Each structure stands twice: as structure tokens, then as C-alpha cells.
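Inside the fold
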Amino acid sequence: MPTERPSQDLNARDRAVYEWQLWVPGYGEEGQRKLKNASVLISRCGGLGSPVAYELAAAGVGRLILAHGGNLKPSDLNRQILMEDAWLGKPRVECAARKLKALKPDLEILAVPENVSEENAERLVAEADLVVDCAPLFEERYAMNRQCVRQRKPLIEASMYELEWQLTTMHPGRTPCVACLHPKKPEAWKREFPVFGAVSGAVGCMAAMEAIKVLSGIGEPLYNILLRGDLHDMSFRRLRIARNPACEVCGAL
Amino acid sequence: MAKVVFTKNLREHIACPETSAPGATVREVLDAVFASNDLLRGYVVDERGALRQHMNVFVDGANVRDRVKLSDPVETDSEIYVMQALSGG
Ligand SMILES: [Zn+2]
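The structure displayed is predicted, hence computed values, not measured ones.

Bringing the pairing of strand 3 (residues 55–59) of chain B into the picture now. All names here are of chain B. Most of strand 3 sits inside the fold, with 5 of its 5 residues counted as buried. Burial along strand 3 is two-sided: the face carrying Met-55, Val-57 and Val-59 and the face carrying Asn-56 and Phe-58 are both buried. Alignment of strand 3 against strand 4 (residues 62–63), held across 2 bridges, turns out to be antiparallel. Across the sheet, residue Val-59 finds its bridge partner in strand 4, namely Ala-62. The hairpin turn running from strand 3 into strand 4, its antiparallel successor, is 2 residues long, and Asp-60 in that turn takes a positive phi close to 50°.

Quick look at helix 2 (residues 26–34) of chain B now. Residue and element names in this part refer to chain B. The set of residues buried in helix 2 consists of Val-26, Val-29, Leu-30 and Val-33. Along the axis of helix 2, the buried positions cluster into a sector of 90°, meaning they face one direction only. Elements in contact with the buried residues of helix 2: strand 1 (2–6), strand 2 (19–21), strand 3 and strand 5 (79–84).

Here B:Thr7 lies in the loop between strand 1 and helix 1 (8–13). A tally of 20 C-beta atoms within 10 Å means that B:Thr7 is categorised as buried. Spatially, the C-alpha atoms of B:Thr7 and B:Tyr81 are 7.7 Å apart, while their sequence positions differ by 74 residues. With near-sequence residues (within four places) excluded, B:Thr7 lies in contact with A:Glu164 and B:Met83.

Here we come to the nonpolar core. By size, the foremost hydrophobic cluster in this structure holds 72 residues, and its most contacted members are A:Val40, A:Ala53 and A:Ala211. Broken down by element, the residue count for this core peaks at 9 residues, all from helix 9 (residues 197–216) of chain A. Contacts of A:Ala211, omitting those with residues within four sequence positions, involve A:Val40, A:Leu56, A:Leu130, A:Val132 and A:Ile156. If you look at the next biggest cluster of nonpolar residues, it comprises 23 residues, including B:Phe6, B:Val45, B:Phe58 and B:Leu70.

Backbone geometry at A:Met234 places phi at a positive 55°, although glycine is not the residue there. The residue A:Met234 is located in the loop between strand 7 (225–230) and strand 8 (235–240) in this model. Here B:Leu70, not a glycine, exhibits a phi torsion of approximately 55°, which is positive. Take B:Leu70: it is sitting in the loop between strand 4 and strand 5.

Thresholds, definitions, all that
- Residues numbered from 1 in each chain as written.
- Chains lettered and ligands numbered in written order.
- Predicted model: local features only at pLDDT ≥ 70, side-chain atom pairs only at ≥ 80, totals over all residues.
- Buried ≥ 20, exposed ≤ 12 C-beta atoms within 10 Å, placed from the backbone.
- Helix = DSSP H or I, 4+ residues; strand = E, 2+ residues; numbered from the N terminus.
- Pairing = 2+ DSSP bridges.
- Arc of directions from axis to C-beta.
- Contact = placed C-beta atoms within 7 Å.
- Core = buried A, V, L, I, M, F, W, Y, C linked by C-beta atoms within 7 Å.

Structure representation (C-alpha cells):
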């Protein structure tokens, strides 16, 4: 269970800050209250995770758990939009937390200076109502997936390579899990990959919108749909995906 | 002839331009494509001809059901879309 937080109602300041999104049909104060009382884990605040965290903070999610190891390098600055040049050489996750706090001083942040691994995934997922997976390594994604399935937490899977990207929203038992979809990682996958910030930013914003939809109950999340795009020619595909009954991770659900 | 499309990141590893090939099942169409491209065959399917674990194939937007025999039916105007997982963050 996430760290116990007393349920909070909206206050006058919330009504002022979120006025324009409260107008979204079907969302309203009830949707906003759900966001305010939600905890979201974001696995890495890099190219994808930075805009996810920023948009969720902007939308009024009450608590963010940020897992991101390492110190800021110059090559992070083309896409990791929560970072700043003056922070080079210092822990990335602290810079991300500072930037988010500047936008939303009331936001609760659990800043974890580690990437998700087999060792910490159980504890980190337990802190959250929903997880957004923005990790660059398949090992991190598989560790996160196993815990989301075990703890029955929704998982938004966003990933990219060059100008290509994919996005889906997983719900244990209702949709495929990461292992249903990709039982093994590609042989040729490399840790470092070509990326423009505009690509990771576009996908990150869509992933944040999926999180807002799942938490507030509006719209139709990408359940059993893998949305895939290529910004070379702006082509989008909605691919139908299904659970694997023999999946080693979620097959028993 | 069914259209066969490979994602761009696959095309960077292996020569696999968009193509068309005859066949009534995924197996028949892909075999026709692989006939002149052993490298691609080895990347997409294993020695038994089953889809490799990191690959996904869709027929007209739906994930194939039979990953082992690739027996899912294909129409003459179908599109077979071949992709592998991405993990960039
Ligand atoms: Zn599964």
C-alpha cells in the first residue's frame, strides 16, 4: 500500500489552479480530487519521464515517486527537460524534484536516487497507485512489470527509439503485461539510442495523459491497444494486442 | 499479394524494405519474403520457424495468435507489420 495519506478535498487554491481542466466534460472536481489523492511512480525522469512528471505535477497529481539514478551529464540536456545546465555533475533526481517543486510547491515528492531494479522494485511499486515506465533498459521494465502484476497496479509502458515510439496501458489480468507482449528483449538493443527531445517529449505527454485518464476515470485508456508511431512520416498505428495465457508473469491471474 | 512492412529500427539492423509477397498464411507470406533474405529470416524466426521472443507480427492491426506455426490467415490485401520491442526512455 502507498504511504498512508489522509484523503484530501480540493481547496480554493486548487479550484483556481485547475480551473481550465475542471471544465473538461466528465472530469470536474471528482476527477481532480482523484488526482490530488493519487501517488504515481515514474521509473526514470529522463527524456520520457521528465515530461511525464512535469505534466502530472501540472495536472495536480498529489504525490510523485521519482526513481532516477546518476549525476547529470551534458548529453542529458537535449531531452531531460527537468534538468538544468547549472546542475551538471550533481544528482539528476534532485534537479527533477526542484523543478517540479518550483511549479507545484505543495506536490509531495519521494526522490529516490536509484534506477528500478529487482532489489527495489517491490518497495517502489508498493508506494504507488499507478506506475509509468520510462526506463531505457529492458531489465528495469521486466522488474517493474513483475511487481505491477504481483501488486495488481496499472502500468503505463512508454518507449522509443530514434523517431519511433510505442505506448500502451496495462492492467494486470485485463490486458497483456510486458512479458506477454515482449517475452524477451531484442538481441540488438543498446543502452544508448538516438533521440530528439521532441520525440521523447511527445510520447511522455501522451503517457501522462494515459495516467490522468486511468486515475480520473475519463476517456478510454490504451487497454489491449499498442499505439505505435513513427515521427519520420507522422504515421500512427493502433495495434490490437492480447494476453498470453501461458505468460510466466501474469498467466496465472 | 499481402504487403509486408518492417519498422524503421529493424531496417537499420537488416535490409528489409517494404515488400509484397503471395501466401494464404503468415508463414507462407514470410517464407516468400525470407527466400531471398536469410539474415532477416534468422532475426525474425528461430531454427524451428517459430517467431523469436523479441519479435511481434500483426496482420491488419491484430497481433498474430499462432507464434509457433504462424498459421494466422492472410488476405490478398492484408498488411503484415513486423516489429520488435523498443525500450528507449
Ligand atoms: Zn503477461
